[in-house]
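# Summary of the model geometry
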Amino acid sequence: MNYRPPIVSLAIPAEKIDGHTVTFRPVRDGIDSEVSGVIQVVERSNGFNVNASYIVGQNPPQSHVYWFDQSEIDAIARSFMKEKRRILIVDDDRESTHLVKILLEKAGDYLVLEENAAAKAHQSARNFRPDVILLDIMMPEKDGAEVAAQIEADPELRSTPIIFLTALVTMPEAKTGLRIEGHRSLAKPIDIPELINRIEESLPRAP
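Presented here is a report on the structure given in the accompanying data block. (Residues numbered from 1 in each chain as written. Predicted model: local features only at pLDDT ≥ 70, side-chain atom pairs only at ≥ 80, totals over all residues. Heavy atoms only, no water.)

Bringing the overall build of the protein chain into the picture now. Counting secondary structure elements, the protein chain contains six helices and 10 strands. Looking at the 207 residues of the protein chain, the share that counts as buried comes to 40%. Considering only contacts within the protein chain whose residues lie at least 6 apart along the sequence, 54% involve residues at least 24 apart. Accessible surface for the protein chain amounts to roughly 12,200 Å². Of this, 51% is attributable to carbon and sulfur atoms. (Helix = DSSP H or I, 4+ residues; strand = E, 2+ residues; numbered from the N terminus. Buried < 20%, exposed > 50% of the residue type's maximum accessible area, 1.4 Å probe, protein only. Contact = heavy atoms within 4.5 Å. Areas by Shrake-Rupley, 256 points an atom, 1.4 Å probe, with all protein chains shown as cover.)

Grouped together as the largest cluster of nonpolar side chains are 20 residues, with contacts concentrated most on Phe 24, Ile 39, Val 41, Val 50, Tyr 54, Phe 68 and Ile 73. Beyond its immediate sequence surroundings of up to four residues, Phe 24 is in contact with Ser 33, Glu 34, Val 35, Ser 36, Gly 37, Ala 52, Tyr 54, Tyr 66 and Phe 68. (Core = buried A, V, L, I, M, F, W, Y, C linked by side-chain atoms within 4.5 Å.)

Right, let's talk about unusual backbone geometry for a bit. For residues other than glycine, phi is negative in most cases, and the peptide bonds are mostly trans. Of note in this structure, Arg 129 is not a glycine but carries a positive phi near 55°. Within the secondary structure, Arg 129 sits in the loop between α3 (121-128) and β7 (132-136).

For helix α4 (residues 144-153), every residue scored as buried is listed here: Gly 144, Val 147, Ala 148 and Ile 151. End-on view of α4: buried residues confined to an arc of 100°, all on one side of the axis. (Arc of directions from axis to C-beta.)

Tallied over the full model, the rule gives 12 salt bridges. Arg 129 is paired through a salt bridge with Glu 156; the nearest N and O atoms lie 2.3 Å apart. Within this pair, whereas Arg 129 is found in the loop between α3 and β7, its partner Glu 156 is found in the loop between α4 and β8 (162-166), the two being separated by 27 residues in sequence. Judged by relative accessible area, which is 45%, Glu 156 ranks as partly exposed. A salt bridge links Arg 198 to Glu 201, with the nearest nitrogen and oxygen atoms 3.8 Å apart. (Salt bridge = Lys/Arg side-chain N within 4 Å of Asp/Glu carboxyl O.)

Along any regular strand the residues' side chains alternate between the sheet's two faces. Relative to strand β6 (residues 110-115), strand β5 (residues 85-90) runs parallel, the two sharing six bridges. Each bridged residue has a counterpart across the sheet, and for Leu 88 the counterpart in β6 is Leu 113. Since β5 and β6 lie parallel, the crossover through helix α2 (residues 94-107) that links them has a hand, and here it is right-handed. (Pairing = 2+ DSSP bridges. Right-handed = clockwise from strand over helix to strand, strands pointing away.)

Turning to α3, a few remarks are in order. For α3, the full list of buried residues reads Ala 121, His 122, Ser 124, Ala 125 and Phe 128. Projected down its long axis, α3 carries its buried residues within an arc of 160°, all on one side. Turning to α3, the residues buried within the fold contact β5, β6, β7 and α4. Two residues or fewer past α3, Arg 129 is found with a positive phi of approximately 55°.

Quick look at the sheet that holds strand β2 (residues 35-44) now. In spatial order, the strands read β1-β2-β3-β4; together these four strands make up an open sheet with antiparallel pairing. Two strands bound the open sheet, and with one partner strand each, they are β1 (21-24) and β4 (62-67). Averaged over all neighbouring strand pairs, the angle between strand axes comes to 40°, with direction disregarded. Where strand β3 (residues 47-56) meets β4, six bridges bridge the pair, whose relative direction is antiparallel. Within β4, the residue paired with Asn 51 across the bridge is Trp 67. (Axes fitted to C-alpha atoms, helices over the stretch in contact; angles between N-to-C directions.)

The next subject is a nonpolar patch on the surface. Where nonpolar side chains cluster on the molecular surface, the patch consists of Leu 99, Ile 102 and Leu 103 and spans about 250 Å² of accessible area. Following the sequence through the fold, Ile 102 ends up in helix α2. Looking at Ile 102, the relative accessible area reads 43%, which means it is partly exposed. (Patch = residues over 30% accessible without salt bridge, like charges linked within 9 Å, V, L, I, M, F, W, Y side chains within 5 Å.)

What follows is the structure, given as structure tokens:
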């Protein structure tokens, strides 16, 4: 009996996923580890067949085709629909901001912009339109409180959540939910899982 690929419906246009690389687990093939493959969408009269080819083994490598069922393709569609949250980090320490950017983008669905000049922070925020601003307090030129006041005075930015990053508070103090000038705070050195928690707490909740 020939295998019939599952007929699925798509929550997004086929061209949004066709030809894109996706990471998945081909569990029905008996493989419970992540593999990567390129999505192929085949249109049928009553829906779509969606597959991805992937390679297993090394000696010799073997190519397999995996057909996604409805629950799997729904999860893939959700991942493609999900927009990355935009995070602006303002800190004069270039190495620190770059490390935080790398770790945040690796850990979650974030797009991070670094700004190392406090004087340019307000304009960067206007251009980037972040979902959350991470703001160092102790900086030359302007301190974090001045930058926060500028942002709060801007009608287009005043609702943007700000999280202060500072060595002025201890980690236990920050963990108690200590707020500085009404904003969430996080102690330095930055703990990335804790930072992600603060970011997610700050983001508006879906209705």
